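Overview (structure and organization)
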Amino acid sequence: MNAPDADFIIIGSGPAGVSAAFPLIAAGRRVLMLDAGDDLGLKEENRSVRVLGSDLESLRVDDGSSPKLQTPVSRGILERFQRDAGISGDGFKPIGSLARGGLSNIWGAQISYLDAGDIDDWPIDLASLQSSYERVAQRIGISTNADLTTGADGEAVLPLGATATHVLRRHKAAKPADGSFRLFAAVNAILSEARPGRAACDLRGDCLYGCPSGAIYNSRQDLLALRKSPHFRLLDNRRAVSLTRDLGWTVKTADGSSFSAPRIILAAGVLGTAALLTDLLPIGQQGLRLLNSPTLAIPLLSPARLLRSTTPTHSLAQLGLSLRYGDGASDYVTGAIYEVGSLPVQSFVNRMPLGRKAGRAAFELIAGSLLVATIYYPGDQSRSSIHRDATAKKRLTVRGGFAEGFEIRAEALKKALRHEWKRLGLIPLPGASLAEPGIDAHFAGTLPMGEAGPFGSSSDGELNLHPGLHVVDGSILPDLSSKYITMTIMANADRIAHRLAAMEAASAS
């Protein structure tokens, strides 16, 4: 093996990759990051192009996915992964990105924290994860000044929309005494005060189409800071395609280049990491386990807000919710409520029992009183798996499905939700839909920490049987609760990188 190119090679420039890089370069370790994208960034386009698309495609596309995934900017971020990653779906929508910054280019930016119950079976302690939560929160900036590692009842710093404010006020006046249903101001990774290189949110409501001010966190922003370090190097357009181990690890990229280091850190996202490990994992007939969060979207009308004025705000989640609707460990969901005013219109117009012209007129009349609730089930309600494509060794197929008994739980959930909507003065509208598995883009559990055998990893994310090969993305989360996981993925990557830096420092002394 020639002299290594770095102490660590990180594959992937998304939230997990940058979160692992910061502790390592702070410890003086040499880090090489391979980025499948480039530094061109999102194209500077006028608002019409960003909202409608260069060929007005957003007026034609209505694939049943979330409104965010139907925006022109989202399709631009996702299409290259779908074309080049070698992963297809069978009852599953494979969501991933090869663009610089990965899925943080289009994420909803909602922040959730896991508690002791959520990580009860993980081979790590809550205190170490909480320390990493705090470090990541300080770095990326969030829209509240509350201590949300211990609760989620803090007041929002950025103003809520008028309809969201009305609903939250009604909930506080008569919330369930047993705490089975909670509603609170959503916490988002969006700046309320400017930082160097990033302006504060200007409440224009264009969030789904790209944030021109940089107020919404994107890991591209972290790359600017990382590149100032002499210990960090970033290489563009280097899509990793294979890993081999001799005295250290060698990464080959699609352009024919190769790079070596004693340790590799995979931060390519669950599907991207699985694709890269295809030759190292004995994926048999049963496939590789994949957890995802079944997702339910429900349009709601607030009659009390009909024809009322709106409040300037952002178009990320306005309210967060949680609901326990049964006695089972899995009978727990979380979600978010969005105001509709700035969401793509066609999703709603197409579902109205009216013609398109009349539907558009009706939408404009009631838009200010419309909300959309997105509900996430825990990952154990999914039955998805990754399989080798029998016709091509390197290609993978993800088969999607739901857990046994899911339909029964779904009916119980709908009944409990109807009760809560009524209490909040909301009317569910026709058009509620359960998304195709995968469309939620919340994936975990393929290489869980603490599990023995070839598909498990250590508490440091080191893949069993492959010393020096670490994974820091969602692949190593043993469970997938119904809570948003991006913040936890970032914190876990930070925790692992701190441990690796400390271990190397100890071995050198």
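Residues numbered from 1 in each chain as written. Predicted model: local features only at pLDDT ≥ 70, side-chain atom pairs only at ≥ 80, totals over all residues. Heavy atoms only, no water.

**What about the side chain of Lys483?**
The test is simple: We count a stretch as a helix when DSSP gives it H or I for four or more residues in a row; a strand needs E for two or more, and each element gets its number in order from the N terminus. The buried label applies to any residue whose accessible area, calculated with a 1.4 Å probe on protein chains only, is under 20% of its type's maximum; exposed applies above 50%, and partly exposed to all values in between. Pairs of N or O atoms are called polar contacts if they sit within 3.5 Å, as long as, within protein, a hydrogen donor faces a hydrogen acceptor (for residues adjacent in sequence, only side-chain-to-side-chain pairs). By definition, residues are in contact when any of their heavy atoms lie within 4.5 Å.
Structurally, Lys483 is set in the loop between strand S20 (469-471) and helix H11 (486-508). We classify Lys483 as buried; its relative accessible area is 11%. A polar atom in the side chain of Lys483 sits 2.7 Å from the side chain of Asp118. Once residues lying within four places of it in the same chain are set aside, the contact partners of Lys483 are Ser112, Tyr113, Leu114, Asp115, Asp118, Tyr332 and Thr334.

**A word on the pairing of strand S2 (residues 31-34)**
On any regular strand, side chains alternate: one points to one face of the sheet, the next to the other face. We count it as follows: We treat two strands as partners when DSSP finds at least two bridges between them.
Both faces of S2 are covered, namely the face carrying Val31 and Met33 and the face carrying Leu32 and Leu34. Two strands pair when backbone bridges link them, and S2 and strand S5 (residues 232-235) are joined in this way by 4 bridges, in the parallel orientation. Following the sheet pairing, Met33 is matched in S5 by Leu234.

**Section: the pairing of strand S6 (residues 240-245)**
Summarising the sheet, S6 and strand S7 (residues 249-253) pair through 5 bridges and their orientation is antiparallel. The residue of S7 that forms the bridge with Ala240 is Thr253. Between the antiparallel neighbours S6 and S7 lie 3 residues.

**Observations regarding the packing of aromatic side chains**
Aromatic ring pairs are reported here in terms of the distance separating the ring centres and the angle at which the planes meet. Under the convention used in this document: Aromatic pairing here means that ring centres of Phe, Tyr or Trp (its six-membered ring) are within 6.5 Å. Orientation follows from the plane angle: under 30 degrees is stacked, over 60 is edge-to-face, and everything else is tilted.
For the coordinates displayed, the defined rule picks out 6 aromatic pairs. Arranged with centres 5.6 Å apart and planes meeting at 40 degrees, the rings of Phe92 and Phe443 form a pair that is tilted. Placement of the pair is Phe92 in the loop between strand S3 (87-90) and helix H4 (126-140) and Phe443 in strand S19 (residues 443-444), with a sequence separation of 351 residues. The exposure class assigned to Phe443 is buried, which follows from its relative accessible area of 6%. Relative to Tyr217, the ring of Trp107 has its centre 6.2 Å away and its plane inclined at 80 degrees; by these criteria the two rings are edge-to-face. Highlighted residues: Trp107 in the loop between S3 and H4 and Tyr217 in the loop between strand S4 (181-185) and helix H6 (219-226), separated in sequence by 110 residues. Residue Trp107 is classed as buried on the basis of its relative accessible area, which comes to 13%. Aromatic ring contacts, followed pair by pair, group Tyr377, Phe402 and Phe406 into a single cluster.

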